[in-house]
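# Structural overview
Now for the letters of each chain:
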Amino acid sequence: MTRPPLPAFYDDRDASFAELWRLLAEGAALGRSGFHLPALATLGTDRAPRLRTVVLREADPETGTLRFHCDRRSDKAAEIAVNPACALMAYDAAAKTQIRVEGHATLHTDDAVAEAAWTGSRAMSRVCYGAEPGPGTTLPAGDAYTMPDETAAATVGRPHFAAVLLRAERLEFLYLDRRGHRRAAWSRDASGWCGTWLAP
Ligand SMILES: Cc1cc2nc3c(=O)[nH]c(=O)nc-3n(C[C@H](O)[C@H](O)[C@H](O)COP(=O)(O)O)c2cc1C
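Described in the following lines is the structure provided in the data block. Please read all numbers here as calculations on a predicted model, not as lab measurements.

Calculation rules
Residues numbered from 1 in each chain as written. Predicted model: local features only at pLDDT ≥ 70, side-chain atom pairs only at ≥ 80, totals over all residues. Heavy atoms only, no water. Near = heavy atom within 4 Å. Polar contact = N/O pair within 3.5 Å; in protein donor to acceptor, adjacent residues only side chain to side chain. Areas by Shrake-Rupley, 256 points an atom, 1.4 Å probe, with all protein chains shown as cover. Helix = DSSP H or I, 4+ residues; strand = E, 2+ residues; numbered from the N terminus. Nonpolar A, V, L, I, M, F, W, Y, C, P; charged D, E, K, R; others polar. Patch = residues over 30% accessible without salt bridge, like charges linked within 9 Å, V, L, I, M, F, W, Y side chains within 5 Å. Salt bridge = Lys/Arg side-chain N within 4 Å of Asp/Glu carboxyl O. Buried < 20%, exposed > 50% of the residue type's maximum accessible area, 1.4 Å probe, protein only. Core = buried A, V, L, I, M, F, W, Y, C linked by side-chain atoms within 4.5 Å. Contact = heavy atoms within 4.5 Å. Arc of directions from axis to C-beta. Expected span 1.5 Å × (residues − 1). Pairing = 2+ DSSP bridges.

## Things to note about the site of the ligand
In the vicinity of the ligand, the residues found are L37, R52, T53, V54, V55, H69, C70, S74, D75 and K76. Between the ligand and H69 there is a distance of 2.8 Å, counted from a nitrogen atom to a backbone nitrogen or oxygen. In isolation the ligand offers 620 Å² of accessible surface; the protein chains occlude 59% of this area. Looking at the shell around the ligand, the elements with two or more residues in it are β2 (49-53), β4 (65-71) and α2 (75-82). Across the shell around the ligand, the residue classes break down as 4 nonpolar, 3 polar and 3 charged.

Shown next, in the form of structure tokens:
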């Protein structure tokens, strides 16, 4: 059986770095990408690890920054405010690639970043931020909460909305192939990104 040719980035670390950012940008744009719904890890205020799915909204290779959105009332927002260290991970089966990101997150609630993110959000996404009570509140029954209609959501959800920018400080790329996996990592210092191959 003939195997497909190896990708151009296979033994090229700079090309692997470019592929990592291409896949993240594609993940932000395409719902079917495995990188659209990464797992985000924070450190709980009790110092236990916390993990949940978020929608990747933007990946900017120029600044090395990822953006996602959350409710200001959520545990993750409180955790990031106390300790901004975060990690994010996703795997795309079609690309046979896992990407891991570590860095520090900033919460944007009342600035231009938040405003642009809110303006760019669809009505169906804004509705969640108008839910009462806020995420994680104990309920007496499963349906004991309210959501605004899409028209009201344009305003009532805004005070609860936060855009989060995760500035990557370490990146890791793992490409799976039976002829030999390829794993590479990059760390950011004052002069930019510095990469190395790693045993897979
Ligand atoms: C497919 C999917 C997408 C989600 N996207 C987001 C998101 O973009 N932002 C967010 O805050 N929560 C999102 N959630 C919900 C979180 O995974 C989590 O359940 C919720 O935000 C509470 O997390 P916390 O208590 O750690 O703050 C998503 C869940 C799923 C299943």
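## Brief notes about a nonpolar patch on the surface
A surface patch of nonpolar side chains, amounting to about 270 Å² of accessible area, comprises L139, Y145 and M147. Residue position: L139 is located in the loop between α4 (123-126) and α5 (150-156).

## Digging into the environment of A18
Checked against the element boundaries, A18 lands in helix α1 (residues 13-29). Residue A18 is classed as partly exposed on the basis of its relative accessible area of 47%. The spacing of A18 and A85 is 67 residues in sequence and 24 Å in space, taken between C-alpha atoms.

## So, the nonpolar core
Counting residues in each nonpolar core, the largest one holds 34 residues, and the members touching the most others are L24 and L66. At the level of secondary structure, the elements contributing two or more residues to this core comprise α1, β4, α2, β5 (85-92), β6 (97-108), β7 (161-175) and β8 (182-189). No other element matches the 7 residues that β7 contributes to this core. Dropping the residues within four chain positions of it, L66 is found in contact with W21, L24, L56, E58, A59, L88, V101, V164, L165 and L166. Judged by nonpolar contacts, the second largest core, of 5 residues, contains W118, Y129, F161 and A163.

## A few points about α2
Here α2 has its buried residues at K76, A77, E79 and I80. The arc that holds the buried residues of α2, viewed along the axis, is 165°, so those residues lie on one side. Structural note: α2 exposes D75, A81 and V82 on the side pointing more than 90 degrees away from its buried face. Tucked inside the fold, the buried residues of α2 contact β1 (39-43), β2, β4, β5, β6 and β7.

## A few points about α1
Under the 1.5 Å per step criterion, the end-to-end length of α1 is 24 Å for 17 residues, consistent within 8% with the ideal 24 Å. Residues of α1 that are buried include every one of S16, F17, E19, L20, W21, L23, L24, G27 and A28, and no others. On its buried face, α1 is in contact with β3 (58-60), β4, β6, β7, β8 and β9 (192-198). Capping the start of α1 is the job of one residue whose side-chain oxygen sits 3.2 Å from the backbone nitrogen of D14: D12.

## Quick word on the pairing of β2
When a strand is regular, its side chains alternate between the sheet's two faces. Pairing geometry for β1 and β2, over 5 bridges, is antiparallel. What sits directly across from L40, in β2, is R52.

## Considerations on the pattern of salt bridges
Overall, the coordinates contain 17 salt bridges when judged by the stated rule. A salt bridge links R183 to E172; its shortest N-O distance comes to 2.7 Å. Separated by 11 residues along the polypeptide, R183 in strand β8 and E172 in strand β7 bring together distant segments of the chain. Connected through shared salt-bridge partners, D46, R50, R52 and E79 make up one network.

## With respect to the pairing of β5
Going residue by residue along β5, you find C86, L88, A90 and D92 tucked away on one face and A85, A87, M89 and Y91 left uncovered on the opposite face. Sheet topology places β1 next to β5; 3 bridges connect them, and they run antiparallel. Paired with A39 across the two strands is M89, which belongs to β5. Strand direction decides the pairing type here: β5 and β6, joined by 8 bridges, are antiparallel. Across the sheet, the residue bridging to C86 is G103, located in β6. What sits between the antiparallel neighbours β5 and β6 is a turn of 4 residues, in which K96 has the positive phi angle 50°.

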